[in-house]
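Residue strings, one per chain:
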Amino acid sequence: MIKITFVAPYQELEQLATEVFNEYNHPDIKYKIISAVGAKVVSNLNFHCDGIIARGVTASAIRDFQNSIPVIELPVTGYDVIRAVDQCKKKFNPSKVAIIGSTNMIYGAQSLQEILGVDIECYTVEKEDDAEYCVDRALMSKADAIIGGVMTIKIAASKNVNTVLIESGREAIRQALEEAVRTATIAQQEREKTERIKIIMDYAHEGIVAVDKEGYVTVFNKSAQKITSSENRTIVGRHITEVIPNTGLMEVLERGAEELGALQKIQKVVVAANRVPIKIEEQVIGAVATFQDITKIQELEGQIRKKIHHKGLIAKYFFSDIIGKSQSIRETLYDAEKFSKVDSNILIIGETGTGKELVAQSIHNSSNRSIGPFVAVNCAALPPSLLESELFGYVEGAFTGAAKGGKAGLFELAHKGTIFLDEVSEISLDLQGRMLRVLQEREIMRLGDDRIIPVDVRIISATNRNLRKMVAEGKFRQDLLYRLDVLKINVPCLRDRKEDILPLIEYFLNRYNEKFRKNIHCITPDAQNLLIEYEWPGNIRELKNIVERLAVLTVDVRINTDSVKRVIEVDDLIYALSEKSNVKAAERVHIRQRLCDIDKKEMTVLLQQTDNNKAEAARILGISRTTLWRKLKELDM
């Protein structure tokens, strides 16, 4: 919506303007007409619009009192002047006429005396105070009639002089209106563009500084103020050397050549700067510098890496997620929480399935690197050559099959975060040498590249083997062990924290009740004893699998000893019972027979729970798929 204000100096013009505006009716243009004339009146007006139309001295007065809104002067055409002179001639038959007004009112009026046969003298009024002076001069020159605008006519009438008002015609109003709309539209677009640029400048991450050809600051955005610690100071208009002595912009102005990627220190902040000259037809008229805090760039780089490679780079677990109240696990978590507050490398030792990665993720989430990525890699899952390319990355063409454009390694992706090397004992000796450089220098080199990439990574490694024994056997580098084994955490096995077994079972059972829509809420005392006495060679991972089997196969609301005997590996259970409970050989045979004796009803329930997925059913039962198929054949299923 464009708002136009029309300032009418006399009533007839107000009425004519209303008619013209109604004819010009446009849904996106709003009009307002006010009556005013002279500087003293307009100085008290508040214009809330996009364009102002005024005439003569009034237009000049409005321009003097405000410069934010464009003022369009209502033109006085030659026809308007001719009509006024002709009216004056017919009404007063003067011997000499004075035409007094602004420049555009009297332009060309002198030439009318030959056409109309009247002696005409013109006087120019620039300001309101000029009007009375011009009237007096006209009277001194023997003018017996005065033609002009409203202000001039009032002054002349007070001196008893014949007067004629130069009235604006319909064409002039229409012309001024179109010009006002066009000017207001352009001004509105410029304001929007200026505001848009201002917002972009102020909220850009980069500091932006612009200077004119003499080196005086013309632009200094909020980021620049923050980086230079000059937020409370007026910068624009000052010379750049007073604000940032070593900005380099004066050299760019002198040479007219750009400088990209330059590093410089502003106050105590190291920034990366780009400096570019502003040229018009090869003439340097100014220069612009953009710069960013290096630490912010690194933080942003880490966030981008994390978003691009989101999968697998998030640590999901915290210390509060680790279940257990035994003395051994409390001591382990106490040490782990202490270690999380420093950046030293950590070696986690524990049997398979004890939750070493759970501890590693909790350490990461409790550290000052928690906002950074957590990258986990199983060193035993990949052959040495593939593990090397995954850890260090590669450039395009580094080897046959290398991806186009190359690939960032896991150490790069873990920048500003943590990398977890599970089963670190399985890294080959050759690769251990490359690993040593990362730990020593905190830098890597992609395969096939000669460029050094600095990385800021905390390394947490884990193993279920005796690394010192491997060092003695020549299977692990001693210098690498010393760098990995700075802080050590021993995760206790489940058989050494038996008081945690039942709480863990309850936790997993609740999860599988919900997953399989079961309502198992009781474990008989005998079944509890059996589970507590079991050796749990697979630790918590095995316990989780056993509870899943129990949840699937149990059709009652409680778990009894028969349920437990049905799901635990036969040989392991017999060993546990015979060692811990002195079970007789005859009972062992009975257990073996019972565990292998799954009836058709139980098998049907299992297959329903797994959506007839035979591989999943075999996993839950702890048997091979071949054994499962054989059992199904026995049951005629």
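Residues numbered from 1 in each chain as written. Predicted model: local features only at pLDDT ≥ 70, side-chain atom pairs only at ≥ 80, totals over all residues. Heavy atoms only, no water.

Caption draft 1: Spotlight on the overall build of the protein chain. Scanning the protein chain for helices and strands turns up 29 helices and 24 strands. A burial count over the protein chain gives 47% of its 637 residues as buried. In the protein chain, the share of contacts with a sequence separation of at least 24, taken over all contacts with a separation of at least 6, comes to 64%. Of the roughly 33800 Å² that the protein chain leaves accessible, carbon and sulfur atoms contribute 49%. (Helix = DSSP H or I, 4+ residues; strand = E, 2+ residues; numbered from the N terminus. Buried < 20%, exposed > 50% of the residue type's maximum accessible area, 1.4 Å probe, protein only. Contact = heavy atoms within 4.5 Å. Areas by Shrake-Rupley, 256 points an atom, 1.4 Å probe, with all protein chains shown as cover.)

Caption draft 2: Structural detail: the nonpolar core. Counting residues in hydrophobic clusters, the biggest one holds 39 residues, and the most contacted among them are I4, F6, I53, L74, I100, I146 and I173. Listed by contribution, the elements that provide at least two residues to this core are strand 1 (2-8), helix 1 (11-23), strand 5 (96-101), helix 7 (130-140), helix 8 (150-158) and helix 9 (170-203). Looking at this core element by element, the count peaks at 7 residues for helix 9. Not counting residues up to four positions away in its chain, the partners in contact with F6 are L13, A17, F21, K32, I33, I34, I53, L74 and I173. Counting residues in hydrophobic clusters, the runner-up holds 36 residues, among them L543, V547, A617 and L628. (Core = buried A, V, L, I, M, F, W, Y, C linked by side-chain atoms within 4.5 Å.)

Caption draft 3: Structural detail: the pairing of strand 12 (residues 269-280). Across 6 bridges, strand 11 (residues 259-266) lies against strand 12 in antiparallel orientation. Each residue of the ladder has a partner; that of A262, found in strand 12, is A273. Of the pairings in the sheet, the one linking strand 12 to strand 13 (residues 283-293) comprises 10 bridges and is antiparallel in character. By the bridge assignment, A273 is partnered in strand 13 with F291. As consecutive antiparallel partners, strand 12 and strand 13 are separated by 2 residues, and within that stretch E281 has a phi angle of approximately 50°, a positive value. (Pairing = 2+ DSSP bridges.)

Caption draft 4: Just the environment of C49, in detail. By the secondary structure assignment, C49 is in the loop between helix 2 (39-42) and strand 3 (51-54). With sequence-adjacent residues up to four places away left out, C49 is seen in contact with K3, T5 and I69.

Caption draft 5: Representation of the sheet that holds strand 8 (residues 162-165). An order of 6-5-7-8 is seen for the 4 strands of this open sheet, with the pairing classed as parallel. Edge positions in the sheet fall to strand 6 (119-124) and strand 8, since each of these pairs with one other strand and no more. Pairs of neighbouring strands in the sheet enclose a mean axial angle of 25°, with direction left out of account. In terms of strand pairing, strand 7 (residues 145-148) meets strand 8 through 4 bridges, oriented parallel. Each residue of the ladder has a partner; that of G148, found in strand 8, is L165. The strands that helix 4 (residues 78-92) touches are strand 5, strand 6, strand 7 and strand 8; relative to strand 8, the one it contacts most, it runs at about 150°. Most of the contacts of helix 8 go to strand 7, to which it runs at about 160°, and overall it touches strand 5, strand 7 and strand 8. (Axes fitted to C-alpha atoms, helices over the stretch in contact; angles between N-to-C directions.)

Caption draft 6: Examining the packing of helix 7 against helix 8 more closely. Two numbers describe how helix 7 lies on helix 8: the axes approach to 9 Å, and their chain directions differ by 50°. In terms of their interaxial angle, helix 7 and helix 8 are classed as oblique. Of the two elements, helix 7 crosses helix 8, and the hand of that crossing is right-handed. Between helix 7, through A131, E132 and V135, and helix 8, the contact on the second element is made entirely by M151, T152, I155 and A156. (Parallel < 35°, antiparallel > 145°, perpendicular 65-115°, else oblique. Left-handed = near helix turned anticlockwise from the far one by under 90°.)

Caption draft 7: Inspection of the pattern of salt bridges at higher detail. All told, the structure shown has 29 salt bridges when counted by the stated rule. Close ionic contact of E19 with R170 constitutes a salt bridge, the shortest N to O distance being 2.9 Å. Taken together, the residues span a long stretch of sequence, with E19 in helix 1 and R170 in helix 9 at a distance of 151 residues. A relative accessible area of 34% places R170 in the partly exposed class. Across the pair D50 and R191 runs a salt bridge, and its minimum N-O distance is 3.0 Å. (Salt bridge = Lys/Arg side-chain N within 4 Å of Asp/Glu carboxyl O.)

Caption draft 8: Molecular detail of the packing of aromatic side chains. Considering all chains together, one arrives at 7 aromatic pairs under this definition. Look at F374 and F420: their rings are 6.3 Å apart centre to centre, the planes differ by 20°, and that puts the pair in the stacked class. Residue F374 is located in strand 15 (residues 374-378), and its partner F420 is located in strand 18 (residues 417-422); the two are separated by 46 residues in the primary sequence. Taken together, a centroid distance of 5.3 Å and an interplanar angle of 65° make the contact between Y507 and F508 edge-to-face. Assessed through its relative accessible area of 37%, Y507 is described here as partly exposed. Among the residues examined, F508 registers a relative accessible area of 7% and is labelled buried. Within the aromatic cluster, the residues linked to one another by ring pairs are F6, F21 and Y31. (Phe/Tyr/Trp six-rings, centres within 6.5 Å; stacked < 30°, edge-to-face > 60°.)

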